[in-house]
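What follows is each chain in one-letter form.
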Amino acid sequence: MAPADADTGFAYQRCRWCGTASFRRLLCPVCASSDLRTEHSAGPGIVVQSRVVHRGTGVARNESLVRFPEDFVVPCRIVGTAPHMVWVGATVRLVGDSRADSGEVVFELADFAGDDDLR
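No experiment lies behind these values; they were computed from the predicted model shown.

### Notes on the overall build of the protein
When its secondary structure is counted, the protein shows one helix and eight strands. Along its sequence from the N terminus, the protein presents helices and strands in the succession α-β-β-β-β-β-β-β-β. Relative to its 119 residues, the protein shows a buried fraction of 37%. Taking contacts inside the protein between residues at least 6 apart in sequence as the whole, the part at least 24 apart equals 44%. When the accessible surface of the protein is totalled, it reaches about 6,900 Å², and 52% of it is carbon and sulfur.

### Overview of the environment of Arg67
Tracing the backbone through its elements, the reader meets Arg67 in strand 5 (residues 61-67). Exposure remark for Arg67: the relative accessible area of 35% places this residue in the partly exposed category. Note: C-alpha distance between Arg67 and Val47 (20 residues apart in sequence) is 6.4 Å. Those residues within four positions of Arg67 in sequence are excluded, and the remaining contacts are Pro44, Gly45, Ile46, Val48, Phe72 and Val73. Only 2.7 Å separates the side chain of Arg67 from the side chain of Asp71, close enough to count as a polar contact.

### Quick notes on the pairing of strand 7 (residues 91-94)
Relative to strand 7, strand 4 (residues 45-53) runs antiparallel, the two being bridged by two bridges. Bridge pairing links Gly45 to Val92 in strand 7. Bridge count for strand 7 against strand 8 (residues 106-109) is three bridges, and the pairing is antiparallel. Bridging across to strand 8, Arg93 finds its partner in Glu108.

### Topic: the nonpolar core
Within the largest apolar cluster, 18 residues are counted, with the highest numbers of intra-cluster contacts made by Phe10, Phe72, Val74, Ile78, Val105 and Phe107. Within the residue set of this core, elements represented by two or more residues are strand 6 (73-79), strand 7 and strand 8.

Basis of the calculations
Residues numbered from 1 in each chain as written. Predicted model: local features only at pLDDT ≥ 70, side-chain atom pairs only at ≥ 80, totals over all residues. Heavy atoms only, no water. Helix = DSSP H or I, 4+ residues; strand = E, 2+ residues; numbered from the N terminus. Buried < 20%, exposed > 50% of the residue type's maximum accessible area, 1.4 Å probe, protein only. Contact = heavy atoms within 4.5 Å. Areas by Shrake-Rupley, 256 points an atom, 1.4 Å probe, with all protein chains shown as cover. Polar contact = N/O pair within 3.5 Å; in protein donor to acceptor, adjacent residues only side chain to side chain. Pairing = 2+ DSSP bridges. Core = buried A, V, L, I, M, F, W, Y, C linked by side-chain atoms within 4.5 Å.

Next up, the structure:
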């Protein structure tokens with residue numbers, strides 16, 4: 001995602017036939033239409049699932065599912081805090097230097113109080 005897109009919201013697709021919002025799809029998950037238009041989310045994302053994984057590296061990292069107000073879910077990684085400090089219900093925002101070339105979506109906590117003694 002380009003930095004300019006970060007200012008206007010998180011990009012997703014909406015089906016022109018049934019209106020279903022989705023993320024990184026070639027076909028609508030509801031009606032299988034390929035007629036999708038790109039839109040930008042109006043609000044922050046909310047963590048609906050979070051887990052700490054150690055797979056593939058020796059370092060723990062966070063893998064989460066984030067729901068947006070338009071009712072689509074994005075699998076992502078949340079950075080900027082310890083992996084175990086990400087909670088369900090936390091508000092997240094897109095990281096400006098997210099690795100678009102790798103296909104990985106990266107967010108950071110938007111409402112983290114910054115208490116270093118809790119990490």
